[in-house]
There are 2 protein chains.
Amino acid sequence: MDVFQNIVMIGAGNVATHLAFALQQKGFSINQVYSRSETSAKLLAQKLESPYTVEIRSLEQSADIYIIAVSDDAIGTVAEKLKFDNQVIVHTSGSVPMDVLKAGSKRTGVVYPLQTFSKSREIDFQNIPVCIEASSDELLAKLEKFISTISNDVRHVNSEQRRVLHLAAVFACNFPNFMYAIAEDIISDAGLNLDILRPLIKETADKVMSRSPLEAQTGPARRNDEASLHKHLDLLRRYPEYKDLYEMISQAIRKKYNSFDKLRKRPN
Amino acid sequence: MDVFQNIVMIGAGNVATHLAFALQQKGFSINQVYSRSETSAKLLAQKLESPYTVEIRSLEQSADIYIIAVSDDAIGTVAEKLKFDNQVIVHTSGSVPMDVLKAGSKRTGVVYPLQTFSKSREIDFQNIPVCIEASSDELLAKLEKFISTISNDVRHVNSEQRRVLHLAAVFACNFPNFMYAIAEDIISDAGLNLDILRPLIKETADKVMSRSPLEAQTGPARRNDEASLHKHLDLLRRYPEYKDLYEMISQAIRKKYNSFDKLRKRPN
(Lines give C-alpha, C1' and ligand atoms only; values in the text may rest on other atoms or scores of the structure.)
Protein backbone atom coordinates (compact mmCIF):
# COMPACT_ATOMS: atom_id res chain seq x y z
CA MET A 1 0.00 0.00 0.00
CA ASP A 2 1.51 3.27 -1.11
CA VAL A 3 1.17 6.33 1.02
CA PHE A 4 0.64 9.75 -0.42
CA GLN A 5 3.61 11.22 -2.22
CA ASN A 6 2.47 14.60 -3.44
CA ILE A 7 0.98 16.94 -0.91
CA VAL A 8 -0.71 20.31 -1.19
CA MET A 9 -0.88 22.27 2.04
CA ILE A 10 -3.89 24.56 2.24
CA GLY A 11 -3.18 27.03 5.02
CA ALA A 12 0.03 28.47 6.41
CA GLY A 13 -0.70 28.89 10.12
CA ASN A 14 0.76 27.08 13.11
CA VAL A 15 -0.68 23.65 12.39
CA ALA A 16 0.08 23.85 8.66
CA THR A 17 3.65 24.91 9.38
CA HIS A 18 4.45 22.22 11.94
CA LEU A 19 2.73 19.50 9.93
CA ALA A 20 4.43 20.50 6.67
CA PHE A 21 7.87 20.48 8.29
CA ALA A 22 7.31 17.14 9.98
CA LEU A 23 6.25 15.62 6.64
CA GLN A 24 9.08 17.18 4.68
CA GLN A 25 11.59 15.89 7.21
CA LYS A 26 10.33 12.37 6.53
CA GLY A 27 10.95 12.80 2.81
CA PHE A 28 7.47 13.79 1.63
CA SER A 29 7.23 16.55 -0.89
CA ILE A 30 5.02 19.55 -0.23
CA ASN A 31 4.21 20.40 -3.85
CA GLN A 32 2.40 23.63 -3.15
CA VAL A 33 1.33 25.91 -0.32
CA TYR A 34 -1.90 27.89 -0.45
CA SER A 35 -2.94 30.73 1.79
CA ARG A 36 -5.21 33.66 1.08
CA SER A 37 -2.58 35.77 2.85
CA GLU A 38 0.38 36.22 0.52
CA THR A 39 2.71 37.02 3.42
CA SER A 40 1.89 33.74 5.16
CA ALA A 41 1.92 31.66 1.97
CA LYS A 42 5.28 33.06 0.93
CA LEU A 43 6.84 32.65 4.37
CA LEU A 44 5.95 28.97 4.66
CA ALA A 45 6.68 28.23 0.99
CA GLN A 46 10.13 29.77 1.27
CA LYS A 47 10.98 27.73 4.34
CA LEU A 48 9.83 24.57 2.55
CA GLU A 49 11.34 25.64 -0.80
CA SER A 50 7.96 24.92 -2.37
CA PRO A 51 5.83 27.00 -4.78
CA TYR A 52 2.82 28.83 -3.38
CA THR A 53 -0.43 30.39 -4.54
CA VAL A 54 -3.04 32.73 -3.08
CA GLU A 55 -5.75 31.62 -5.53
CA ILE A 56 -7.78 28.51 -4.90
CA ARG A 57 -8.33 28.13 -8.65
CA SER A 58 -4.56 27.94 -9.16
CA LEU A 59 -4.23 24.90 -6.93
CA GLU A 60 -2.31 22.06 -8.45
CA GLN A 61 -4.92 19.48 -9.44
CA SER A 62 -2.91 16.28 -9.42
CA ALA A 63 -1.63 15.97 -5.85
CA ASP A 64 -2.43 12.82 -3.87
CA ILE A 65 -3.65 14.61 -0.79
CA TYR A 66 -4.88 18.10 0.10
CA ILE A 67 -4.42 19.01 3.74
CA ILE A 68 -6.77 21.81 4.79
CA ALA A 69 -5.26 23.48 7.85
CA VAL A 70 -7.19 26.75 7.91
CA SER A 71 -9.41 28.28 10.58
CA ASP A 72 -12.48 26.19 11.46
CA ASP A 73 -15.01 28.47 9.84
CA ALA A 74 -13.14 28.51 6.51
CA ILE A 75 -12.83 24.73 6.09
CA GLY A 76 -16.27 24.27 4.51
CA THR A 77 -15.81 27.18 2.11
CA VAL A 78 -12.45 25.87 0.94
CA ALA A 79 -13.79 22.33 0.49
CA GLU A 80 -16.65 23.58 -1.67
CA LYS A 81 -14.18 25.12 -4.07
CA LEU A 82 -12.33 21.86 -4.56
CA LYS A 83 -13.93 19.50 -7.06
CA PHE A 84 -11.94 16.31 -7.06
CA ASP A 85 -12.64 12.74 -8.08
CA ASN A 86 -10.04 10.54 -6.53
CA GLN A 87 -7.84 12.94 -4.62
CA VAL A 88 -7.99 12.83 -0.86
CA ILE A 89 -8.98 15.89 1.18
CA VAL A 90 -8.38 16.02 4.91
CA HIS A 91 -8.76 18.74 7.48
CA THR A 92 -6.87 19.14 10.76
CA SER A 93 -9.54 20.57 13.04
CA GLY A 94 -10.72 19.22 16.37
CA SER A 95 -14.19 20.64 16.25
CA VAL A 96 -15.31 20.38 12.61
CA PRO A 97 -17.03 17.17 11.48
CA MET A 98 -15.52 15.25 8.56
CA ASP A 99 -18.80 15.73 6.65
CA VAL A 100 -18.05 19.31 5.66
CA LEU A 101 -15.43 18.01 3.23
CA LYS A 102 -18.00 16.00 1.21
CA ALA A 103 -18.49 18.83 -1.25
CA GLY A 104 -14.88 18.59 -2.38
CA SER A 105 -14.30 14.87 -2.85
CA LYS A 106 -15.70 11.42 -2.14
CA ARG A 107 -12.49 10.51 -0.29
CA THR A 108 -12.19 12.56 2.85
CA GLY A 109 -10.56 12.35 6.22
CA VAL A 110 -9.36 14.14 9.33
CA VAL A 111 -5.85 14.42 10.75
CA TYR A 112 -6.13 16.20 14.11
CA PRO A 113 -2.84 16.62 15.99
CA LEU A 114 -3.71 17.08 19.65
CA GLN A 115 -1.14 19.65 20.67
CA THR A 116 -0.69 23.38 21.14
CA PHE A 117 1.49 24.89 18.43
CA SER A 118 3.37 28.16 18.30
CA LYS A 119 5.25 29.16 15.19
CA SER A 120 8.28 30.20 17.18
CA ARG A 121 8.57 26.99 19.17
CA GLU A 122 9.92 23.71 17.84
CA ILE A 123 8.11 20.58 18.80
CA ASP A 124 8.81 16.89 18.39
CA PHE A 125 5.95 15.63 16.24
CA GLN A 126 6.78 11.97 17.06
CA ASN A 127 5.20 12.31 20.51
CA ILE A 128 2.05 14.13 19.45
CA PRO A 129 -1.14 12.07 19.52
CA VAL A 130 -2.77 12.40 16.09
CA CYS A 131 -6.46 11.57 15.79
CA ILE A 132 -7.47 10.28 12.39
CA GLU A 133 -10.80 9.52 10.74
CA ALA A 134 -11.63 8.65 7.12
CA SER A 135 -14.57 8.13 4.80
CA SER A 136 -13.60 4.48 4.17
CA ASP A 137 -11.65 1.73 5.91
CA GLU A 138 -9.22 1.60 3.01
CA LEU A 139 -8.51 5.33 3.33
CA LEU A 140 -8.26 5.08 7.12
CA ALA A 141 -5.56 2.42 6.76
CA LYS A 142 -3.74 4.57 4.24
CA LEU A 143 -3.94 7.67 6.43
CA GLU A 144 -2.69 5.67 9.38
CA LYS A 145 0.34 4.50 7.44
CA PHE A 146 0.96 8.03 6.23
CA ILE A 147 0.71 9.76 9.62
CA SER A 148 2.62 6.98 11.39
CA THR A 149 5.70 8.21 9.57
CA ILE A 150 5.60 11.42 11.62
CA SER A 151 3.91 10.35 14.87
CA ASN A 152 4.25 7.30 17.11
CA ASP A 153 0.78 7.87 18.48
CA VAL A 154 -1.86 7.68 15.76
CA ARG A 155 -5.41 6.99 16.94
CA HIS A 156 -8.76 6.28 15.33
CA VAL A 157 -11.15 8.88 16.72
CA ASN A 158 -14.58 9.60 15.26
CA SER A 159 -16.05 13.08 14.79
CA GLU A 160 -18.09 12.90 17.98
CA GLN A 161 -15.15 11.86 20.17
CA ARG A 162 -12.97 14.46 18.48
CA ARG A 163 -15.43 17.21 19.46
CA VAL A 164 -15.18 16.09 23.07
CA LEU A 165 -11.38 16.01 22.84
CA HIS A 166 -11.34 19.52 21.47
CA LEU A 167 -13.39 20.66 24.44
CA ALA A 168 -11.24 18.69 26.89
CA ALA A 169 -8.12 20.29 25.40
CA VAL A 170 -9.44 23.67 26.51
CA PHE A 171 -9.47 22.37 30.09
CA ALA A 172 -6.10 20.63 29.69
CA CYS A 173 -4.29 23.51 28.01
CA ASN A 174 -5.98 26.88 27.56
CA PHE A 175 -7.44 27.18 31.05
CA PRO A 176 -4.32 26.01 32.93
CA ASN A 177 -2.32 28.54 30.92
CA PHE A 178 -4.73 31.28 31.93
CA MET A 179 -4.35 30.21 35.57
CA TYR A 180 -0.57 30.60 35.13
CA ALA A 181 -1.19 34.07 33.71
CA ILE A 182 -3.24 35.05 36.76
CA ALA A 183 -0.49 33.74 39.06
CA GLU A 184 2.07 35.82 37.18
CA ASP A 185 -0.16 38.87 37.34
CA ILE A 186 -0.62 38.61 41.10
CA ILE A 187 3.03 38.01 41.99
CA SER A 188 4.25 40.75 39.66
CA ASP A 189 2.24 43.20 41.71
CA ALA A 190 4.10 41.92 44.79
CA GLY A 191 7.46 42.55 43.13
CA LEU A 192 8.12 38.90 42.34
CA ASN A 193 8.89 37.12 39.10
CA LEU A 194 7.25 34.03 37.56
CA ASP A 195 10.61 32.20 37.88
CA ILE A 196 9.77 31.40 41.47
CA LEU A 197 6.61 29.53 40.39
CA ARG A 198 8.01 27.73 37.33
CA PRO A 199 9.24 24.61 39.18
CA LEU A 200 5.77 24.32 40.74
CA ILE A 201 4.04 24.63 37.37
CA LYS A 202 6.31 21.98 35.92
CA GLU A 203 5.91 19.54 38.80
CA THR A 204 2.12 19.95 38.72
CA ALA A 205 2.05 18.84 35.09
CA ASP A 206 4.71 16.15 35.56
CA LYS A 207 2.74 14.65 38.43
CA VAL A 208 -0.23 13.77 36.23
CA MET A 209 1.96 12.09 33.63
CA SER A 210 1.80 8.98 35.78
CA ARG A 211 -1.28 9.45 37.95
CA SER A 212 -4.83 10.70 37.73
CA PRO A 213 -5.32 14.43 38.46
CA LEU A 214 -8.25 13.44 40.64
CA GLU A 215 -5.80 11.72 43.00
CA ALA A 216 -3.15 14.43 42.63
CA GLN A 217 -5.37 17.32 43.76
CA THR A 218 -3.94 19.39 46.63
CA GLY A 219 -4.57 22.87 48.01
CA PRO A 220 -6.85 24.74 50.42
CA ALA A 221 -10.11 23.83 48.66
CA ARG A 222 -9.15 20.14 48.51
CA ARG A 223 -8.48 19.98 52.24
CA ASN A 224 -11.33 22.32 53.21
CA ASP A 225 -8.83 24.75 54.72
CA GLU A 226 -11.22 27.60 55.50
CA ALA A 227 -8.52 29.80 57.00
CA SER A 228 -6.44 29.83 53.83
CA LEU A 229 -9.49 30.23 51.61
CA HIS A 230 -10.50 33.32 53.57
CA LYS A 231 -6.99 34.78 53.52
CA HIS A 232 -6.85 34.29 49.77
CA LEU A 233 -10.21 35.89 49.13
CA ASP A 234 -9.10 38.78 51.27
CA LEU A 235 -5.91 39.22 49.22
CA LEU A 236 -7.99 39.04 46.03
CA ARG A 237 -10.16 42.04 46.92
CA ARG A 238 -8.01 44.09 44.54
CA TYR A 239 -8.81 41.69 41.70
CA PRO A 240 -12.59 41.24 41.61
CA GLU A 241 -12.52 38.99 38.54
CA TYR A 242 -9.85 36.69 39.87
CA LYS A 243 -11.74 36.61 43.16
CA ASP A 244 -14.87 35.37 41.39
CA LEU A 245 -12.85 32.71 39.57
CA TYR A 246 -11.13 31.68 42.79
CA GLU A 247 -14.44 31.26 44.55
CA MET A 248 -16.12 29.34 41.77
CA ILE A 249 -13.24 26.95 41.13
CA SER A 250 -12.70 26.36 44.87
CA GLN A 251 -16.39 25.67 45.28
CA ALA A 252 -16.30 23.15 42.43
CA ILE A 253 -13.26 21.42 43.94
CA ARG A 254 -14.93 21.17 47.34
CA LYS A 255 -18.10 19.79 45.83
CA LYS A 256 -16.21 17.26 43.72
CA TYR A 257 -14.14 15.97 46.61
CA ASN A 258 -16.92 15.87 49.14
CA SER A 259 -18.63 13.26 47.04
CA PHE A 260 -15.33 11.64 46.10
CA ASP A 261 -14.25 11.31 49.74
CA LYS A 262 -17.66 9.98 50.74
CA LEU A 263 -17.35 7.39 48.00
CA ARG A 264 -13.95 6.28 49.20
CA LYS A 265 -14.94 6.14 52.83
CA ARG A 266 -18.10 4.20 52.19
CA PRO A 267 -17.68 0.75 53.77
CA ASN A 268 -19.04 -1.21 50.81
CA MET B 1 29.63 30.77 60.56
CA ASP B 2 28.35 27.38 61.57
CA VAL B 3 25.07 26.13 60.30
CA PHE B 4 22.71 24.12 62.43
CA GLN B 5 23.84 20.62 63.26
CA ASN B 6 21.10 19.17 65.40
CA ILE B 7 17.60 19.30 64.07
CA VAL B 8 14.24 18.43 65.56
CA MET B 9 11.47 17.92 63.02
CA ILE B 10 8.04 18.83 64.36
CA GLY B 11 5.52 17.23 62.02
CA ALA B 12 5.64 14.14 59.83
CA GLY B 13 3.56 15.08 56.80
CA ASN B 14 4.64 15.65 53.19
CA VAL B 15 6.74 18.76 53.76
CA ALA B 16 8.37 17.39 56.93
CA THR B 17 9.20 14.14 55.17
CA HIS B 18 10.74 15.66 52.04
CA LEU B 19 12.62 18.30 54.00
CA ALA B 20 13.96 15.80 56.54
CA PHE B 21 15.23 13.49 53.81
CA ALA B 22 16.85 16.29 51.87
CA LEU B 23 18.67 17.45 55.02
CA GLN B 24 19.70 13.98 56.07
CA GLN B 25 21.12 13.33 52.62
CA LYS B 26 23.36 16.34 53.06
CA GLY B 27 24.72 14.94 56.31
CA PHE B 28 22.54 16.76 58.82
CA SER B 29 21.24 14.78 61.72
CA ILE B 30 17.53 14.71 62.46
CA ASN B 31 17.77 14.16 66.20
CA GLN B 32 14.09 13.65 66.81
CA VAL B 33 10.74 13.55 65.04
CA TYR B 34 7.55 14.75 66.70
CA SER B 35 4.00 14.17 65.53
CA ARG B 36 0.82 13.92 67.55
CA SER B 37 0.00 10.92 65.38
CA GLU B 38 2.10 7.99 66.50
CA THR B 39 1.69 6.23 63.15
CA SER B 40 3.08 9.21 61.25
CA ALA B 41 5.86 9.92 63.78
CA LYS B 42 6.97 6.32 63.77
CA LEU B 43 6.87 5.99 59.98
CA LEU B 44 9.08 9.01 59.38
CA ALA B 45 11.37 8.26 62.32
CA GLN B 46 11.96 4.71 61.10
CA LYS B 47 12.84 5.90 57.61
CA LEU B 48 15.27 8.41 59.10
CA GLU B 49 16.50 6.02 61.78
CA SER B 50 15.80 8.74 64.33
CA PRO B 51 13.96 8.65 67.67
CA TYR B 52 10.43 10.04 67.84
CA THR B 53 7.94 11.34 70.35
CA VAL B 54 4.23 12.11 70.40
CA GLU B 55 4.52 14.41 73.42
CA ILE B 56 5.57 18.02 73.01
CA ARG B 57 6.92 18.00 76.57
CA SER B 58 9.28 15.15 75.63
CA LEU B 59 10.94 17.20 72.90
CA GLU B 60 14.69 17.25 73.09
CA GLN B 61 15.63 20.66 74.48
CA SER B 62 19.14 21.09 73.12
CA ALA B 63 18.76 20.99 69.36
CA ASP B 64 20.01 23.93 67.26
CA ILE B 65 16.85 24.31 65.22
CA TYR B 66 13.22 23.20 65.49
CA ILE B 67 11.42 22.94 62.18
CA ILE B 68 7.65 23.17 62.58
CA ALA B 69 6.08 21.54 59.54
CA VAL B 70 2.54 20.98 60.78
CA SER B 71 -0.80 22.20 59.43
CA ASP B 72 -1.18 26.00 59.36
CA ASP B 73 -3.69 26.22 62.19
CA ALA B 74 -1.49 24.17 64.54
CA ILE B 75 1.71 26.21 64.13
CA GLY B 76 0.81 28.83 66.73
CA THR B 77 -0.30 26.24 69.28
CA VAL B 78 2.92 24.28 68.89
CA ALA B 79 5.07 27.43 69.14
CA GLU B 80 3.38 28.44 72.39
CA LYS B 81 4.39 25.17 73.96
CA LEU B 82 8.07 25.72 73.14
CA LYS B 83 9.93 27.94 75.57
CA PHE B 84 13.40 28.43 74.24
CA ASP B 85 16.11 30.98 74.80
CA ASN B 86 18.64 30.64 72.05
CA GLN B 87 17.28 27.83 69.94
CA VAL B 88 15.89 28.69 66.55
CA ILE B 89 12.29 27.91 65.61
CA VAL B 90 11.14 28.05 61.99
CA HIS B 91 7.92 27.09 60.29
CA THR B 92 7.44 25.99 56.68
CA SER B 93 4.09 27.54 55.82
CA GLY B 94 3.28 29.88 52.95
CA SER B 95 0.38 31.62 54.59
CA VAL B 96 1.31 31.96 58.27
CA PRO B 97 3.25 35.07 59.35
CA MET B 98 6.58 34.61 61.13
CA ASP B 99 5.15 36.46 64.15
CA VAL B 100 3.17 33.48 65.43
CA LEU B 101 6.47 31.86 66.45
CA LYS B 102 7.36 34.69 68.85
CA ALA B 103 5.82 32.88 71.81
CA GLY B 104 8.37 30.07 71.49
CA SER B 105 11.67 31.87 71.04
CA LYS B 106 13.31 35.21 70.25
CA ARG B 107 15.03 33.66 67.24
CA THR B 108 12.47 32.72 64.64
CA GLY B 109 12.30 32.22 60.92
CA VAL B 110 10.43 30.74 57.97
CA VAL B 111 11.58 28.15 55.44
CA TYR B 112 8.85 27.85 52.81
CA PRO B 113 9.60 25.42 49.97
CA LEU B 114 7.44 26.45 47.02
CA GLN B 115 6.51 23.07 45.63
CA THR B 116 3.71 20.50 45.71
CA PHE B 117 4.73 17.42 47.66
CA SER B 118 3.31 13.92 47.71
CA LYS B 119 4.70 11.30 50.04
CA SER B 120 4.81 8.71 47.31
CA ARG B 121 6.67 10.84 44.80
CA GLU B 122 10.37 11.61 44.92
CA ILE B 123 11.43 15.13 44.13
CA ASP B 124 14.76 16.81 43.60
CA PHE B 125 14.99 19.38 46.36
CA GLN B 126 17.90 21.17 44.66
CA ASN B 127 15.54 22.77 42.14
CA ILE B 128 12.86 23.86 44.58
CA PRO B 129 12.69 27.59 45.31
CA VAL B 130 12.82 28.00 49.09
CA CYS B 131 11.59 31.29 50.55
CA ILE B 132 13.29 32.24 53.79
CA GLU B 133 12.67 34.94 56.38
CA ALA B 134 14.19 35.49 59.82
CA SER B 135 13.86 37.65 62.91
CA SER B 136 17.40 39.07 62.47
CA ASP B 137 19.90 39.59 59.68
CA GLU B 138 22.35 37.29 61.41
CA LEU B 139 19.79 34.50 61.54
CA LEU B 140 18.73 35.14 57.94
CA ALA B 141 22.32 34.67 56.79
CA LYS B 142 22.59 31.51 58.83
CA LEU B 143 19.32 30.11 57.47
CA GLU B 144 20.43 30.94 53.96
CA LYS B 145 23.66 29.03 54.41
CA PHE B 146 21.74 26.12 55.95
CA ILE B 147 19.07 25.86 53.25
CA SER B 148 21.55 26.44 50.43
CA THR B 149 22.93 23.02 51.19
CA ILE B 150 19.70 21.44 49.97
CA SER B 151 18.41 23.99 47.41
CA ASN B 152 20.09 26.01 44.67
CA ASP B 153 17.29 28.56 44.78
CA VAL B 154 17.02 30.19 48.21
CA ARG B 155 15.22 33.54 48.29
CA HIS B 156 14.54 36.24 50.83
CA VAL B 157 10.77 36.70 50.91
CA ASN B 158 8.93 38.60 53.63
CA SER B 159 5.66 37.47 55.22
CA GLU B 160 3.54 39.71 53.00
CA GLN B 161 5.12 38.50 49.75
CA ARG B 162 4.92 34.94 50.98
CA ARG B 163 1.15 35.27 51.47
CA VAL B 164 0.83 36.42 47.89
CA LEU B 165 2.99 33.54 46.69
CA HIS B 166 0.83 31.09 48.59
CA LEU B 167 -2.21 32.47 46.81
CA ALA B 168 -0.46 32.49 43.43
CA ALA B 169 0.55 28.87 43.96
CA VAL B 170 -3.13 27.96 44.03
CA PHE B 171 -3.48 29.43 40.54
CA ALA B 172 -0.21 27.87 39.36
CA CYS B 173 -0.80 24.41 40.76
CA ASN B 174 -4.13 23.52 42.39
CA PHE B 175 -6.40 25.09 39.79
CA PRO B 176 -4.54 23.77 36.72
CA ASN B 177 -4.66 20.32 38.30
CA PHE B 178 -8.41 20.63 38.74
CA MET B 179 -8.72 21.65 35.09
CA TYR B 180 -6.83 18.45 34.18
CA ALA B 181 -9.30 16.51 36.34
CA ILE B 182 -12.24 18.02 34.46
CA ALA B 183 -10.62 17.15 31.13
CA GLU B 184 -10.16 13.57 32.28
CA ASP B 185 -13.74 13.40 33.51
CA ILE B 186 -15.13 14.59 30.18
CA ILE B 187 -13.06 12.34 27.93
CA SER B 188 -13.64 9.29 30.12
CA ASP B 189 -17.34 9.67 29.41
CA ALA B 190 -16.48 9.61 25.69
CA GLY B 191 -14.57 6.36 26.10
CA LEU B 192 -11.14 7.98 25.91
CA ASN B 193 -8.19 7.91 28.28
CA LEU B 194 -6.15 10.79 29.73
CA ASP B 195 -3.08 9.43 27.88
CA ILE B 196 -4.22 11.22 24.76
CA LEU B 197 -4.08 14.59 26.58
CA ARG B 198 -0.86 14.09 28.52
CA PRO B 199 1.51 15.44 25.84
CA LEU B 200 -0.69 18.54 25.62
CA ILE B 201 -0.63 19.06 29.39
CA LYS B 202 3.14 18.70 29.41
CA GLU B 203 3.74 21.04 26.47
CA THR B 204 1.42 23.67 28.00
CA ALA B 205 3.56 23.75 31.15
CA ASP B 206 6.86 23.48 29.25
CA LYS B 207 5.90 26.44 27.08
CA VAL B 208 5.79 28.84 30.02
CA MET B 209 9.19 27.76 31.28
CA SER B 210 10.68 30.20 28.80
CA ARG B 211 7.88 32.65 28.03
CA SER B 212 5.11 34.53 29.77
CA PRO B 213 1.75 32.72 29.94
CA LEU B 214 0.13 35.96 28.84
CA GLU B 215 1.89 35.59 25.48
CA ALA B 216 1.39 31.83 25.35
CA GLN B 217 -2.42 31.92 25.64
CA THR B 218 -4.28 30.07 22.88
CA GLY B 219 -7.77 28.62 22.46
CA PRO B 220 -11.29 29.63 21.44
CA ALA B 221 -11.69 32.38 24.06
CA ARG B 222 -8.32 33.91 23.17
CA ARG B 223 -9.18 34.18 19.49
CA ASN B 224 -12.84 35.07 20.07
CA ASP B 225 -13.91 31.93 18.24
CA GLU B 226 -17.66 32.13 18.89
CA ALA B 227 -18.45 28.97 16.94
CA SER B 228 -16.19 26.80 19.09
CA LEU B 229 -17.34 28.47 22.29
CA HIS B 230 -20.95 27.67 21.43
CA LYS B 231 -20.15 24.09 20.47
CA HIS B 232 -18.34 23.61 23.75
CA LEU B 233 -21.13 25.07 25.84
CA ASP B 234 -23.52 22.80 24.01
CA LEU B 235 -21.39 19.73 24.80
CA LEU B 236 -21.21 20.85 28.44
CA ARG B 237 -24.97 20.80 28.95
CA ARG B 238 -24.52 17.45 30.72
CA TYR B 239 -22.08 19.05 33.17
CA PRO B 240 -23.75 22.19 34.54
CA GLU B 241 -20.85 22.98 36.91
CA TYR B 242 -18.16 22.60 34.32
CA LYS B 243 -20.31 24.70 31.98
CA ASP B 244 -20.40 27.54 34.51
CA LEU B 245 -16.63 27.32 34.96
CA TYR B 246 -16.09 27.23 31.19
CA GLU B 247 -18.18 30.34 30.72
CA MET B 248 -16.61 32.29 33.54
CA ILE B 249 -13.01 31.47 32.64
CA SER B 250 -13.63 32.10 28.92
CA GLN B 251 -15.22 35.41 29.76
CA ALA B 252 -12.22 36.40 31.88
CA ILE B 253 -9.82 35.42 29.08
CA ARG B 254 -11.76 37.46 26.53
CA LYS B 255 -11.86 40.46 28.81
CA LYS B 256 -8.16 40.20 29.60
CA TYR B 257 -7.11 39.96 25.97
CA ASN B 258 -9.44 42.59 24.65
CA SER B 259 -7.60 45.13 26.73
CA PHE B 260 -4.25 43.43 26.11
CA ASP B 261 -4.74 43.49 22.32
CA LYS B 262 -5.89 47.09 22.42
CA LEU B 263 -2.76 47.96 24.35
CA ARG B 264 -0.51 46.27 21.84
CA LYS B 265 -2.25 47.76 18.83
CA ARG B 266 -2.17 51.26 20.28
CA PRO B 267 0.11 53.37 18.05
CA ASN B 268 2.03 55.03 20.90
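Please refer to the structure higher up on the page.
All figures in this text were calculated on a predicted structure; none of them were measured in a lab.

Peer 1: Would you explain unusual backbone geometry in this entry?
Peer 2: Peptide bonds are trans in most cases, and residues, glycine excluded, mostly fall at negative phi. The residue Asn224(A) is not glycine, and still its phi comes out positive at about 50°. Considering the arrangement of structural elements, one finds Asn224(A) in the loop between helix H7 (213-216) and helix H8 (226-235). In this structure, Glu49(B) takes a positive phi of about 55° despite not being glycine. In this fold, Glu49(B) is placed in the loop between helix H2 (38-48) and strand S3 (52-53). For Glu49(B), a relative accessible area of 74% corresponds to the exposed category.

Peer 1: Teacher, can you tell me more about the side chain of Lys207(A) here?
Peer 2: Within the secondary structure, Lys207(A) is located in helix H6 (residues 198-207). Within the buried core, Lys207(A) has no salt-bridge partner, and the shortest N-O distance to an opposite charge, that of Glu203(A), equals 5.2 Å. Looking at Lys207(A), its side chain comes within polar contact range of the side chain of Ser118(B), at 2.9 Å. Excluding its chain neighbours within four sequence positions, the residues that come into contact with Lys207(A) are Ala216(A), Thr218(A), Thr116(B), Phe117(B), Ser118(B) and Arg121(B).

Peer 1: Would you take a moment to explain the pattern of salt bridges for this structure?
Peer 2: Close approach of charged atoms allows side chains with opposite charge to pair. All chains considered together, the criterion is met by 30 salt bridges over all chains. Linking Asp206(A) and Lys202(A) is a salt bridge whose minimum nitrogen-to-oxygen distance equals 3.6 Å. With Asp206(A) and Lys202(A) both in helix H6, this residue pair falls 4 residues apart, about one helical turn. Exposure remark for Lys202(A): the relative accessible area of 30% places this residue in the partly exposed category. Counted as one network, the salt bridges with shared partners bring together Lys202(A), Asp206(A), Lys202(B) and Asp206(B).

Quick notes on the rules
Residues numbered from 1 in each chain as written. Chains lettered and ligands numbered in written order. Predicted model: local features only at pLDDT ≥ 70, side-chain atom pairs only at ≥ 80, totals over all residues. Heavy atoms only, no water. Helix = DSSP H or I, 4+ residues; strand = E, 2+ residues; numbered from the N terminus. Buried < 20%, exposed > 50% of the residue type's maximum accessible area, 1.4 Å probe, protein only. Lys, Arg positive; Asp, Glu negative; His and termini not counted. Salt bridge = Lys/Arg side-chain N within 4 Å of Asp/Glu carboxyl O. Polar contact = N/O pair within 3.5 Å; in protein donor to acceptor, adjacent residues only side chain to side chain. Contact = heavy atoms within 4.5 Å.

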